[in-house]
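# Working through the structure, step by step
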Amino acid sequence: MIDAAPPDERGFSVFLREAIKLPAFARRDMIVAWSYRFAFFSDAFALVLQAFLFYFVGLLVDDSKLPEYGGSQVSYMQFVVVGIALAAFVQVGLGRVSAAMRQEQMQGTLEAILLTPTSPATIQLGSVVYDLVYVPLRTAIFLVAVAIGFGLEFNADGLVPALLVLVAFVPFVWGLGLISAAGTITFRGGSAGVGFAVALMTLASGAYFPLDLLPDWLASLAVLNPMAIAIDGMREPLLGTVSWPETVDAILILVPLSVISLLAGIFAFRQALRRERRLGTLGLY
Amino acid sequence: MPATHSSEQAPATAGLQPAPTAPLLVEVRDVSRSFGRVVALDGVSLVVRGGEIHALLGPNGAGKTTLLRVLTGLVEADGGHVRVAGCDPARSGRSLRARVGTVPSGDRTLYLRLSGLENLVFFGRLQGLRRRAATRRAHEVLEAVGLEEAARTPVGVYSHGMQKRLSVARALIVDPAVLLVDEATHDLDPEAAVTVRGLVRDLADRGTAIVWTTQRVDEIRGFAGAVTLLAKGRTRFSGSVPELIAHALPRRYLLRLADVRADGGPPAPALDAGLGGLGSIEATSVDAGHYVLSLEDGAVLGDALEAVRTVGFQLLSCRDERSEVEEAFLALTREEDA
């Protein structure tokens, strides 16, 4: 006779068993991304074109209206390139996190994955693990390439604190992506307000212009925007001087926001999957 | 890991006659499920033992796929009792999915940009295998399904038959205790369908319990040991294939006749006149000498054939226009409609 099935295991061994599945997802998505070589290279090319666009816009900008970093005046190109990099990170990261599950659903592979002994959390994380590695890498390569190409000066010592701020900000984006993914699975169609969320966050982030230019009421709200905190926390060490207390302050604000965003995202995503199981509509798209 | 079902317990004629001592691997009792006002399953029950192929037969919308989704835990039952490989699908998700293989009906459940090998390695790793073990196992099952030569070809350029075989290979990666197959042959050519059925039969021979859903009624004869016929979410029949065939009420036959009348003349009016009230007969457009005989209710085939012989025709052959299984299927599903 067949043995009675053991209860589902919990704890650290399960965590490890799930964690070792993540490279499989990354490998899968890397192969798929590489199979679309034209899209791969056109994405990089578009980013370079965007840098050129802002270079010419920068020729019209009076640098004296830009904030000083480390007591020095920066050029518009220096100012905006950090914003471009982070805005692209948010746009690509958030878009892909929310679209990953929808894509699986549309392809018809979501059910096949859910039929393996893999937890929903692993499936979600696995579906974006490639992007979580690729997008920050793409951001870093972009910054270095633009700095060399346009002869921009960045503070090399500021790379580590800027990266730490970015790392503290990543889970915030991921959490929003999960909430959006939950909305996408539940309501189908579209990426459940991703475009609106990105536009709103970017507008009030200081990515392309200083927050001082916003109306007072919006500027006061914007300083609470995690994206604005992240951009400011990256600009300061990269364009000015490294101030660890300020970096730590930025991280201390970002970490709780990221935790809240991530927990809310995981909760929303689980609830969405549970609802689909209850309704039996997981395979519908 | 795979279930601890022993191949020694598998009967020699696996699929058709499971040993009574074989483990009970699928147990469904009085299961119901509705989607809004639509009743998809209404008090459905079935049991499947290790080594048995149990056909789940029914027309579109009968509830077959819903039942498979209940068995895999993708859909929760509203009521009833379900155990699969010792697990409650609604509660023991991970344990269940480590013991159950699934061959879904669609061919979109594979990554078309990946090769067959990469697909299997990916799903093998999700089953908990390390990369090296997953790769080794992927090669083994690719060979088993005859796709080793296409291992590194993107699945997007596979034929339907190859994709279906790959889908079966994916289910074999963990040597499942239970295999759930959803209309695996519905869009395959006969040769590919035979191959897929052969792969599934091999698995049953090793002690796996198979639930095989299909609309191709004829494929279950000589393949499945037991059959449950669903219609509109309810069980219309449950038993062996011969028992199902006993429900067949064939009324139309294909006859091949030789005209041995001395006087000649058009055969159809003579045959109709000879049959009288027993039925009607018409020539097929395919071949001379071929006719379709339709019996009236209560008429007996032997009487009709004797009437044909009496008016000067020699009977060369006679067979059901449809198979007995198809007749039984139609009879039982029509009962439901009535």
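Residues numbered from 1 in each chain as written. Chains lettered and ligands numbered in written order. Predicted model: local features only at pLDDT ≥ 70, side-chain atom pairs only at ≥ 80, totals over all residues. Heavy atoms only, no water.

It is worth spelling out the overall build of chain A at this point. On a plain count of helices and strands, chain A comes out with 11 helices and two strands. Mapped from its N terminus to its C terminus, chain A presents α and β elements in the order α-α-α-β-β-α-α-α-α-α-α-α-α. In summary, chain A has a C-alpha radius of gyration of 21 Å against a globular reference of 19 Å for 285 residues, a match within 12%. With respect to the three principal axes, the spread of C-alpha positions in chain A is 80 × 40 × 35 Å. A total of 285 residues make up chain A; the buried ones form 50% of that total. Taking contacts inside chain A between residues at least 6 apart in sequence as the whole, the part at least 24 apart equals 80%. Here chain A has roughly 13,700 Å² of accessible surface; of this, 71% comes from carbon and sulfur atoms. When the 17 basic and 21 acidic side-chain charges of chain A are each reduced to a single mean position, those positions are 16 Å apart. (Helix = DSSP H or I, 4+ residues; strand = E, 2+ residues; numbered from the N terminus. Rg over C-alpha atoms; globule rule 2.2 N^0.38 Å. Buried < 20%, exposed > 50% of the residue type's maximum accessible area, 1.4 Å probe, protein only. Contact = heavy atoms within 4.5 Å. Areas by Shrake-Rupley, 256 points an atom, 1.4 Å probe, with all protein chains shown as cover. Lys, Arg positive; Asp, Glu negative; His and termini not counted. Charge placed at Lys NZ, Arg CZ, Asp CG, Glu CD.)

Structurally, Arg170(B) is set in helix H5 (residues 160-172). Buried charge without a salt bridge: Arg170(B), with Glu104(A) as the nearest opposite-charge side chain at an N-O distance of 9.4 Å. If we skip the residues at most four places from it in the chain, Arg170(B) touches Ala112(A), Pro104(B), Thr109(B), Leu110(B), Leu120(B) and Phe123(B). (Salt bridge = Lys/Arg side-chain N within 4 Å of Asp/Glu carboxyl O.)

The next subject is the layout of surface pockets. All names here are of chain A. What the second largest pocket holds in volume is close to 700 Å³. Looking at the second largest pocket, it is lined by 23 residues, and the ones nearest its centre are Asp29, Val32, Ala33, Tyr36 and Gln103. At the level of secondary structure, the elements contributing two or more residues to the lining of the second largest pocket comprise helix H2 (22-35), helix H3 (37-58), helix H4 (76-107) and helix H6 (120-149). Looking at which element gives the most residues to the lining of the second largest pocket, the answer is H4, with six residues. Here the residues of the lining of the second largest pocket are counted per class, giving 12 nonpolar, three polar and eight charged. (1 Å grid on protein atoms, 1.4 Å probe; cavity = no way out; pocket = protein on both sides within 12 Å on 5 of 7 lines; lining within 4 Å. Points joined across faces, edges and corners; volume = space filled by probe spheres on them. Nonpolar A, V, L, I, M, F, W, Y, C, P; charged D, E, K, R; others polar.)

Functional significance is not addressed by these values, which are geometric in nature.
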